[in-house]
Amino acid sequence: MSISTMIAEKRRYRQHQARTRRLPADYHTAISALERYLMYFGAITKGDTMMSMLDDLAELFEQSVADGTPIRAIVGDDPVEFAEAFLRNYSEGQWINKERERLTTAIDRVAGNDA
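As the structure is a prediction and not an experimental result, all values here were calculated from the model. Every chain is numbered on its own, with residues counted from 1 as its sequence reads. Only residues with pLDDT of at least 70 get local features here, since the model is predicted, and only at 80 or more are side-chain atom pairs given and counted; chain-wide, interface and lining totals rely on the full set of residues. The basis for every side-chain value is the complete set of heavy atoms in the structure, and neither hydrogens nor water enter the calculation.

Attention shifts here to the side chain of Asp-55. For Asp-55, the position within the fold is in helix α3 (residues 47–67). Classification of Asp-55 as buried rests on a relative accessible area of 17%. Within the structure, the side chain of Asp-55 is placed 3.1 Å from the side chain of Arg-12, a separation counted as a polar contact. Strands are runs of DSSP state E lasting at least 2 residues, helices are runs of H or I lasting at least 4, and numbering of each runs from the N terminus. Remark: exposure states derive from per-residue accessible area (1.4 Å probe, protein chains only) relative to the maximum for the residue type, with buried under 20%, exposed over 50%, and partly exposed in between. Distance and chemistry together define a polar contact, namely a pair of N or O atoms within 3.5 Å, with one atom able to donate a hydrogen and the other to accept it when in protein, and with adjacent residues in sequence counting only for side-chain atoms on both sides.

Moving on, we get to the packing of helix α1 (residues 3–21) against α3. Simply put, an axis is a line fit to the C-alpha atoms, just over the touching stretch for a helix, and the angle between two N-to-C directions goes from 0 to 180 degrees. Between α1 and α3, whose axes approach to 10 Å, the crossing angle comes to 15°. Comparing the axis directions of α1 and α3 gives the class roughly parallel. Along this stretch, α1 crosses α3, giving a crossing that reads as left-handed. Residues Glu-9, Arg-12, Tyr-13, His-16, Arg-19 and Thr-20 of α1 form the contact with α3, whose participating residues are Gly-47, Asp-48, Met-51, Ser-52, Leu-54, Asp-55, Ala-58, Glu-59 and Glu-62. For this classification, the nonpolar set comprises Ala, Val, Leu, Ile, Met, Phe, Trp, Tyr, Cys and Pro, the charged set comprises Asp, Glu, Lys and Arg, and every other residue, Gly included, is treated as polar. Residue classes in the contact of α1 with α3 are distributed as 4 nonpolar, 4 polar and 7 charged. Working definition: roughly parallel below 35 degrees, roughly antiparallel above 145 degrees, roughly perpendicular at 65 to 115 degrees, and oblique for all remaining angles. It is the rotation of the near helix from the far one that decides the hand of a crossing: anticlockwise by less than a right angle makes it left-handed, clockwise makes it right-handed. Every residue pair with non-hydrogen atoms within 4.5 Å of one another is taken to be in contact.

Per-residue confidence for the chain gives a mean pLDDT of 88; residues scoring 70 or more make up 94%. Ranking the helices and strands of the chain by mean pLDDT puts helix α4 (residues 71–75) first, with 97, and helix α6 (residues 95–114) last, with 80. Every residue gets a pLDDT, meaning the predictor's confidence in that residue, from 0 to 100.

Right, let's talk about helix α5 (residues 79–87) for a bit. Those residues of α5 not exposed but buried are Phe-82, Ala-83, Phe-86 and Leu-87. Summarising the axial view, the buried residues of α5 lie within an arc of 130°, below the 170-degree limit, and thus occupy one face. Where α5 is buried, its residues contact α2 (25–42), α3 and α4. By the N-cap criterion, in which a side-chain oxygen at the helix start approaches the backbone nitrogen of a residue two or three places on, α5 is capped by Asp-78, the distance to Val-80 being 3.1 Å. This arc is built from the directions going out from the helix axis to the C-beta atoms.

Turning to the packing of aromatic side chains, a few remarks are in order. When two rings of Phe, Tyr or Trp (its six-membered ring) have centres within 6.5 Å they constitute a pair, described as stacked for plane angles under 30 degrees, edge-to-face for angles over 60, and tilted for the intermediate range. By the definition in use, this model includes 4 aromatic pairs. Each ring, one from Phe-86 and one from Tyr-90, has its centre 5.4 Å from the other, and the planes form 40°; the classification is tilted. We note that Phe-86, like Tyr-90, is buried. Following the ring pairs from residue to residue traces out a cluster consisting of Phe-82, Phe-86 and Tyr-90.

Here we take up the pattern of salt bridges. Any carboxyl oxygen of Asp or Glu within 4 Å of a side-chain nitrogen of Lys or Arg constitutes a salt bridge here. Scanning the model with the defined rule gives 3 salt bridges in all. Where Arg-12 meets Asp-55, a salt bridge forms, and the shortest distance between an N and an O atom there is 3.1 Å. Here Asp-55 lies in helix α3 and Arg-12 lies in helix α1, a separation of 43 residues in the sequence. Among the residues examined, Arg-12 registers a relative accessible area of 29% and is labelled partly exposed. Glu-62 serves as the salt-bridge partner of Arg-19, at 2.6 Å between the closest nitrogen and oxygen. Placement of the pair is Arg-19 in helix α1 and Glu-62 in helix α3, with a sequence separation of 43 residues. Under the relative-accessibility criterion, Glu-62 is labelled partly exposed at 29%. Connected via shared salt-bridge partners are Arg-12, Arg-19, Asp-55 and Glu-62.

Below, the structure written as C-alpha cells:
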C-alpha cells in the first residue's frame, strides 16, 4: 500500500469520525458501539472496504436521525444480529476469506495427489 493511499484512508476515517460526532449523543454512542464490534468481529483487512462499511453505517444513522427513527428501530431487539447481518454485506474484505481460500487450495492440492 502506498503512502498516499494510507494518508487518503486516514483522512477518510477522520472525516467519518467527524460525521459520527455530529450525531445526537445516543446515536453517537450506538454507532460507536457498533463500529467497535464490527472492527473486532469483522476483521476487515481492506481499508477501502472498511471505510465503505463505516460510511454506509454513518449514512444509515444520519438518515435515521433526520427521519426521527429510534435506535431500536434501526438495530432491532438484537444488536449483535443486526451488526452481523450488516457485516455480511462487506465480507469480501474479511481476512477469514483469504484463510478459507488458502485452506481450500491446500486441500485441493494434496487431495489431487492422492487420487
